[in-house]
Amino acid sequence: MWYHKPVINEELLQSLPNLKIVASSGVGIDHLDLNLLSSYSVKVSNTPFVVSTDTADLGMALMLASSRRLVEGHQIAVSPDTEYFPADWLGTEVSGATLGIVGMGTIGYKVAERAKAFEMKILYHNRNRRNEEEESAVGATYCKRIDDLLQQSDFVLLSVTLTPQTHKLIGKRELKLMKPTATLINVSRGLLVDQDALVEALQTKVIKAAALDVTYPEPLPRDHPLLKLKNVIITPHIGSATKKTRHLMMENMMESIQAGLTGLPIPNEVF
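Rules behind the numbers
- Residues numbered from 1 in each chain as written.
- Predicted model: local features only at pLDDT ≥ 70, side-chain atom pairs only at ≥ 80, totals over all residues.
- Heavy atoms only, no water.
- UniProt positions renumbered as here; feature names shortened; annotations may be inferred.
- Helix = DSSP H or I, 4+ residues; strand = E, 2+ residues; numbered from the N terminus.
- Pairing = 2+ DSSP bridges.
- Contact = heavy atoms within 4.5 Å.
- Axes fitted to C-alpha atoms, helices over the stretch in contact; angles between N-to-C directions.
- Domains from an automatic or database assignment.
- Buried area = accessible area lost by both parts, 1.4 Å probe.
- Salt bridge = Lys/Arg side-chain N within 4 Å of Asp/Glu carboxyl O.
- Polar contact = N/O pair within 3.5 Å; in protein donor to acceptor, adjacent residues only side chain to side chain.
- Buried < 20%, exposed > 50% of the residue type's maximum accessible area, 1.4 Å probe, protein only.

Participant: Just checking my understanding: could you explain the UniProt feature "domain: D-isomer specific 2-hydroxyacid dehydrogenase catalytic" (unreviewed entry) in the protein for this structure?
Facilitator: Following the UniProt record, one finds the feature "domain: D-isomer specific 2-hydroxyacid dehydrogenase catalytic" (unreviewed entry) at residues 3–270. Within the segment residues 3–270, helix and strand shares are 37% and 13% respectively, and the terminal C-alpha atoms sit 18 Å apart.

Shown next as structure tokens:
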């Protein structure tokens, strides 16, 4: 499967009685009905580890681009109407700021490693707390309650798996807990955020900005209000989009398929 296609439903499974494995690209498996696949004795694999480095890089890129207003700056610099550069056109500091990471898995931890180099104060909220050695290595502080993280962070980065429990994890209440100077960054899944609440929060300055690699749907309708806001940066779901990583993803998928067909243990099997 690539970009969630083909759609795996009961009709397709009934038409493929010899199907042994579905190899899905990327980390997320929210597009798959694992119980349905299991009922047909079909195994599932994904490619979680090879995408983590590039996705962490993109998370930092979005943070920097949003805080320093790079898209707006580019537009000013190339506009035929620009006669001078305004002296009061200012961005926000990243170095020394507080970053709150929601979801400290492989990607979240790699973001923390990068943020440490920017001398950021790092908070994180995760289903399971990491051990003290891992926390110490990046200087991260665990927040048992997501509310505490939201209230203290200058940047909130979402790097958590989409499940029924995390669906619209960030809604109107959570956005109001954030600082009015804060930026929301999402490199996971669009449905982690209540998009209508986000639009309202950005329009009314409940939060300062958003930088999103993911939305729902993808792409957004061309008249969607998020596309009209200057304090929003949106990229086309490109967390893993480098030549090397996409090649490795395909290699991972082929290894899983070969293992599934020969009865060997499947790398990155999803249970």
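Participant: Please explain unusual backbone geometry as it appears in this structure.
Facilitator: Backbone geometry follows two general trends: most residues other than glycine have a negative phi, and most peptide bonds adopt the trans configuration. Cis geometry marks the peptide bond from Tyr216 to Pro217; its omega dihedral reads -5°. Looking along the chain, the bond that leaves Glu218 and enters Pro219 is cis, with omega of -5°. Its location among the elements puts Pro219 in the loop between β8 (209–212) and β9 (232–234). Non-glycine residue His4 carries a positive phi angle of around 65°. Position of His4 relative to the elements: it lies in the segment before α1 (10–15).

Participant: Quick question: what am I supposed to make of the sheet that holds strand β2 (residues 43–45) here?
Facilitator: Whenever strands of a sheet pair, they do so through backbone hydrogen bonds, lying parallel or antiparallel. The strand order across the open sheet built from three strands is β1-β2-β10, with neighbouring strands paired in mixed fashion. Among the strands making up the open sheet, the edge pair consists of β1 (21–23) and β10 (269–270). Alignment of β2 against β10, held across two bridges, turns out to be antiparallel. Paired with Val44 across the two strands is Val270, which belongs to β10. Relative to β1, helix α10 (residues 243–262) is tilted by about 175°, and along the sheet it contacts β1 and β2.

Participant: Sorry if this is basic, but what is going on with the domain arrangement of the protein here?
Facilitator: By convention, interface size is frequently given as the accessible area that disappears when the constituent parts associate. Considered domain by domain, the protein is made up of domain 1 (10–49 + 242–262) and domain 2 (51–81 + 90–234). The straight-line distance from the C-alpha centre of domain 1 to that of domain 2 is 29 Å. In this complex, domain 1 contributes 10 residues to the contact, which on the side of domain 2 involves six residues. Area buried by domain 1 at its contact with domain 2 is led by Asp30, Phe49 and Thr245, which between them contribute 57% of it. The interface formed by domain 1 and domain 2 contains one salt bridge. When the shortest N-O distance is used, the salt bridge between Asp30 and Arg189 registers 3.1 Å. If you look at where domain 1 meets domain 2, you find five residue pairs in polar contact (both at pLDDT 80 or more).

Participant: How do you make sense of helix α9 (residues 195–203) when you look at a structure like this?
Facilitator: Residues that lie three or four places apart on an α-helix share one face, since the helix turns once every 3.6 residues. Buried within α9 are the following residues: Gln195, Ala197, Leu198, Val199, Ala201 and Leu202. Looking at the buried side of α9, the elements it contacts are α8 (172–177), β7 (183–186), β8 and β9. Two to three positions downstream of the cap, the backbone nitrogen of Asp196 sits 3.2 Å from a side-chain oxygen, assigning the N-cap of α9 to Asp194. Positive backbone phi, approximately 60°, marks Lys205, located one or two places after α9.

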